[in-house]
Amino acid sequence: MTATGCDRKAGGVGESPHDDIEQVLISGESIQERLSALAEEINRDYAGRELLLVGVLKGAFILMADLARRLQIPVEFDFMAVSSYGSATQTSGVVRIIKDLDLDIADRHVLLVEDIVDSGLTVNYLLRNLRARGPASVEIMALLSKPDQIRVELPIRYHGFAVPNVFVVGYGLDYEEQYRNLPYVGTLRDAVYGSARPRP
Ligand code: PRP
């Protein structure tokens, strides 16, 4: 898969884009293919161990579900919800935990699952927070990242795709809570934003 830019398979069979979508950047088919490869790696890396998947709400719920069904190792699930102070589309780096984990992660192997790493500040905060709880290990999975936006160095162990510095929706990602259910990742038409196009 290409590191940035458009996907050759975008808009393939069974995937006529939603009317509000300007361009499909990563097709559903490409996402599923990449997930299969990542799940194979995870199955191999954690063979003989139990894994706790920690999803960051809300964006990661689709990725968690699709990934989980490809895992053959024993796996448990938990979720965190965080709120970042800042504008609607940009993180400030100050993160507040809205919903904490239900489970104790001490001595557990944890995989933190994110839909997108943008500035990286949310995952950076969560990584430090989780490490402080004494897990056996913590790794990061991110379906998407924006290399032009990243502000901290992050050890992303399982990575899907790099996307350009544009506002993207679909596959868990929203604009005003809509479009999370689209099976692909794409950009929205200008008309959808009215006069207030969000910063990427
Ligand atoms: C998105 C995404 C990450 C965060 C990434 O969540 O799911 O959690 O922003 O940004 P960062 O790398 O700049 O910190 P969002 O705040 O949009 O919440 P949502 O998942 O509920 O839509």
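Okay, so let's go over this structure. (Residues numbered from 1 in each chain as written. Predicted model: local features only at pLDDT ≥ 70, side-chain atom pairs only at ≥ 80, totals over all residues. Heavy atoms only, no water.)

## Things to note about helix α1 (residues 28-45)
Line of reasoning, step 1. For α1, spanning 18 residues, the distance from its first C-alpha to its last is 25 Å, which sits close to the expected 26 Å at 1.5 Å a residue.
Line of reasoning, step 2. Listed as buried for α1 are G28, S30, I31, L35, L38, A39, I42 and N43. (Helix = DSSP H or I, 4+ residues; strand = E, 2+ residues; numbered from the N terminus. Expected span 1.5 Å × (residues − 1). Buried < 20%, exposed > 50% of the residue type's maximum accessible area, 1.4 Å probe, protein only.)

## Quick notes on unusual backbone geometry
Line of reasoning, step 1. The peptide bond linking L57 to K58 adopts the cis configuration, its omega dihedral lying at -5°.
Line of reasoning, step 2. As for its placement among the helices and strands, K58 is situated in the loop between β2 (51-57) and α2 (61-68).
Line of reasoning, step 3. The residue D107 is not glycine, and still its phi comes out positive at about 65°.
Line of reasoning, step 4. Relative to the elements of secondary structure, D107 occurs in the loop between β4 (95-99) and β5 (109-117).
Line of reasoning, step 5. Of the residues examined, D107 reaches a relative accessible area of 65% and is grouped as exposed.
Line of reasoning, step 6. Located in the positive-phi region is E177, a residue other than glycine, with phi close to 70°.
Line of reasoning, step 7. With respect to the helices and strands, E177 occurs in the loop between β7 (156-162) and β8 (185-188).
Line of reasoning, step 8. A relative accessible area of 45% means that E177 is categorised as partly exposed.

## Some remarks on the pairing of strand β6 (residues 137-145)
Line of reasoning, step 1. Most of β6 is tucked away, with eight of its nine residues classed as buried.
Line of reasoning, step 2. When β6 meets β7, the two strands line up parallel, connected through five bridges. Its bridge partner being in β7, S145 is matched across the sheet by A162. (Pairing = 2+ DSSP bridges.)

## Describing the packing of aromatic side chains
The way to describe two aromatic rings as a pair is by their centre distance and the angle between their planes.
Line of reasoning, step 1. Tallied over the full model, the rule gives three aromatic pairs.
Line of reasoning, step 2. Aromatic pair F167 and Y175: ring centres 5.9 Å apart, planes at 85°, arrangement edge-to-face. Both residues of the pair, F167 and Y175, belong to the buried class.
Line of reasoning, step 3. These aromatic residues form a ring-pair network of at least three members: F167, Y175 and Y193. (Phe/Tyr/Trp six-rings, centres within 6.5 Å; stacked < 30°, edge-to-face > 60°.)

## Regarding the pattern of salt bridges
Line of reasoning, step 1. Considering all chains together, one arrives at eleven salt bridges under this definition.
Line of reasoning, step 2. Of the charged contacts, one joins K99 and D78 as a salt bridge, the two residues approaching to 3.8 Å between their closest N and O atoms. You can see K99 sitting in strand β4 and its partner D78 sitting in strand β3 (residues 75-84), a full 21 residues away along the chain.
Line of reasoning, step 3. Overall, the relative accessible area of 27% leaves K99 in the partly exposed class.
Line of reasoning, step 4. You can call D78 buried: its relative accessible area is 3%.
Line of reasoning, step 5. R180 is paired through a salt bridge with D174; the nearest N and O atoms lie 3.5 Å apart.
Line of reasoning, step 6. Under the relative-accessibility criterion, D174 is labelled partly exposed at 22%.
Line of reasoning, step 7. When salt bridges that share partners are traced, they join K58, D174, E177 and R180 into one network. (Salt bridge = Lys/Arg side-chain N within 4 Å of Asp/Glu carboxyl O.)

## Observations concerning the side chain of K146
Line of reasoning, step 1. With respect to the secondary-structure elements, K146 resides in the loop between β6 and β7.
Line of reasoning, step 2. Residue classification places K146 among the buried residues on the basis of a relative accessible area of 2%.
Line of reasoning, step 3. When sequence neighbours within four positions are dropped, the list of residues in contact with K146 reads I116, V117, D118, V163, P164, N165, V166, F167 and P200. (Contact = heavy atoms within 4.5 Å.)

## Some words on the environment of L57
Line of reasoning, step 1. Relative to the assigned elements, L57 resides in strand β2.
Line of reasoning, step 2. Relative accessible area serves as the criterion here: at 31%, L57 is assigned to the partly exposed category.
Line of reasoning, step 3. For the pair L57 and M80, spaced 23 residues apart in the sequence, the C-alpha separation amounts to 6.0 Å.
Line of reasoning, step 4. When residues no more than four places from it in sequence are discounted, the contact partners of L57 are F79, M80, A81 and V82.

Purely spatial values, then, with no claim about function.
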